[in-house]
Amino acid sequence: MLRQIDNNLWVAEQPFQYWGINVGTRMTVTRLKSGLMIISPIKPNEQIIHQLSKIGKVTYIIAPNLYHHLFLSEFQAIYPEAKLIIPKGLNIKLPNLNFAQLLNENKGSIDNQVEYLLIDGFKVLDTSGASTLNEYVFYHRDSRTLILTDTAFHFDGNFTFKTQLAARLLGIYGKLAPSFLEKLASKETQKVKQSFQKVFEWDFDRVIMAHGSIVETGAKPKLKQGYENFLGTLL
Ligand SMILES: [Fe+2]
């Protein structure tokens, strides 16, 4: 179900398991002058398609990193006129993907309404070890919202006991931060630091992430604290 968060800003969520833990997943929809931009699509269903049709025409479908690509093709099949925009490297990971353009190398904007930048040096642990994420984060200026995907989590009392326990073991319960696992994987901390210094130049108050509870207000100092702990340095 699509849920309105602010003017021209919606999210939709669904259950998602990671290593047997329910972490949920979330997509974000912003309405630009040209139409709707969907970041990190979840599995589409009739209700979501119906609700999207009520608020606008889908113009952009965005894959924010090298991992959140599971439902791109399903969305493309429903919205063949929408432009699929992907992070660098996803064209190599998925050579058959029919995309319109890559996100810029470092930073850019969509229609001068939503800015984005690459979080350089950030890696995640997967079955092949430390792997590049190439996550782009987005700043929706009008609602002062930062939209992240996997570069920070926020697990709190809204999650199951098992998820809360896992978050505590990873040292991130109630925190707006990446976990110990990403810390193990991300050795190029200077690059991550430089990227987040640019993120903190944006005047955001809310953070939407793919896995966790949205931080509606006061999110900037909370994220800063999370990243200072993660990087072991002041930002
Ligand atoms: Fe994710």
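Residues numbered from 1 in each chain as written. Predicted model: local features only at pLDDT ≥ 70, side-chain atom pairs only at ≥ 80, totals over all residues.

**Quick word on the overall build of the protein**
When its secondary structure is counted, the protein shows seven helices and 16 strands. On C-alpha atoms alone, the protein measures out to a radius of gyration of 17 Å, which is about the 18 Å that the 2.2 N^0.38 rule sets for 235 residues. Burial analysis of the protein (235 residues in total) assigns 41% to the buried set. Sequence-distant contacts, at least 24 apart, represent 53% of the contacts inside the protein between residues at least 6 apart. (Helix = DSSP H or I, 4+ residues; strand = E, 2+ residues; numbered from the N terminus. Rg over C-alpha atoms; globule rule 2.2 N^0.38 Å. Buried ≥ 20, exposed ≤ 12 C-beta atoms within 10 Å, placed from the backbone. Contact = placed C-beta atoms within 7 Å.)

**What to know about helix 7 (residues 219-231)**
Along its 13 residues, helix 7 runs 18 Å from first to last C-alpha, staying within 8% of the 18 Å computed at 1.5 Å per residue. Turning to helix 7, its buried residues number three or more, namely A219, K220, L223, G226, Y227 and F230. In an axial view of helix 7, the angular spread of the buried residues amounts to 130 degrees, which keeps them on one side of the axis. Residues of helix 7 that are buried sit in contact with strand 15 (145-147), helix 5 (180-185), helix 6 (189-199) and strand 16 (206-208). Just past helix 7, the residue G232 takes up positive phi, approximately 65 degrees. (Expected span 1.5 Å × (residues − 1). Arc of directions from axis to C-beta.)

**Considering the nonpolar core**
Grouped together as the largest cluster of nonpolar side chains are 64 residues, with contacts concentrated most on I38, I61, V137 and V207. With five residues, the single largest contributor to this core is strand 11 (residues 114-119). Those residues in contact with V137 that lie beyond four places of it in its chain are Y116, L117, I119, L146, I147, L148, T151 and V199. (Core = buried A, V, L, I, M, F, W, Y, C linked by C-beta atoms within 7 Å.)

**Describing the sheet that holds strand 1 (residues 2-6)**
Pairing within the open sheet is mixed, and its seven strands lie in the order 1-2-5-6-7-8-9. With one partner strand each, in any of the chains shown, strand 1 and strand 9 (101-102) form the two edges of the open sheet. Across four bridges, strand 6 (residues 35-39) lies against strand 7 (residues 58-62) in parallel orientation. Residue pairing in the sheet places I38 in a bridge with I61 of strand 7. Contacts between helix 1 (residues 46-55) and the sheet are confined to strand 1, strand 2 (9-14), strand 5 (25-32), strand 6 and strand 7, with strand 1 contributing the most and set at about 40 degrees to the helix. (Pairing = 2+ DSSP bridges. Axes fitted to C-alpha atoms, helices over the stretch in contact; angles between N-to-C directions.)

**With respect to the sheet that holds strand 10 (residues 107-110)**
Sheet architecture is open: five strands sit in the order 10-11-14-15-16, paired in mixed fashion. This sheet does not close on itself; its edge strands, each paired only once, are strand 10 and strand 16. Taking each pair of neighbouring strands and ignoring which way they run, the sheet shows an average axis angle of 25 degrees. Inspection of the sheet shows strand 10 paired to strand 11 by four bridges, in the antiparallel sense. The residue bridging S109 from the neighbouring strand is E115, located in strand 11. Across the sheet, helix 6 touches strand 11, strand 14 (135-140) and strand 15, and the angle it forms with strand 11 is around 165 degrees.

**Overview of helix 6**
Restricting attention to buried positions, one finds in helix 6 the residues V192, S195, F196 and V199. Here the buried residues of helix 6 occupy an arc of 95 degrees about the axis, which is enough to place them on one side. In this structure, helix 6 carries Q190 and Q197 as exposed residues pointing more than 90 degrees from its buried face. Against strand 11, strand 14, strand 15 and helix 7 lie the buried residues of helix 6.

**Notes on the pairing of strand 14**
Within strand 14, five of the six residues are buried, leaving the element largely enclosed by the surrounding structure. Direction of pairing for strand 14 relative to strand 15: antiparallel, over a ladder of three bridges. Its bridge partner being in strand 15, F138 is matched across the sheet by I147.

Remember, this is a structural readout, not a statement about activity or role.
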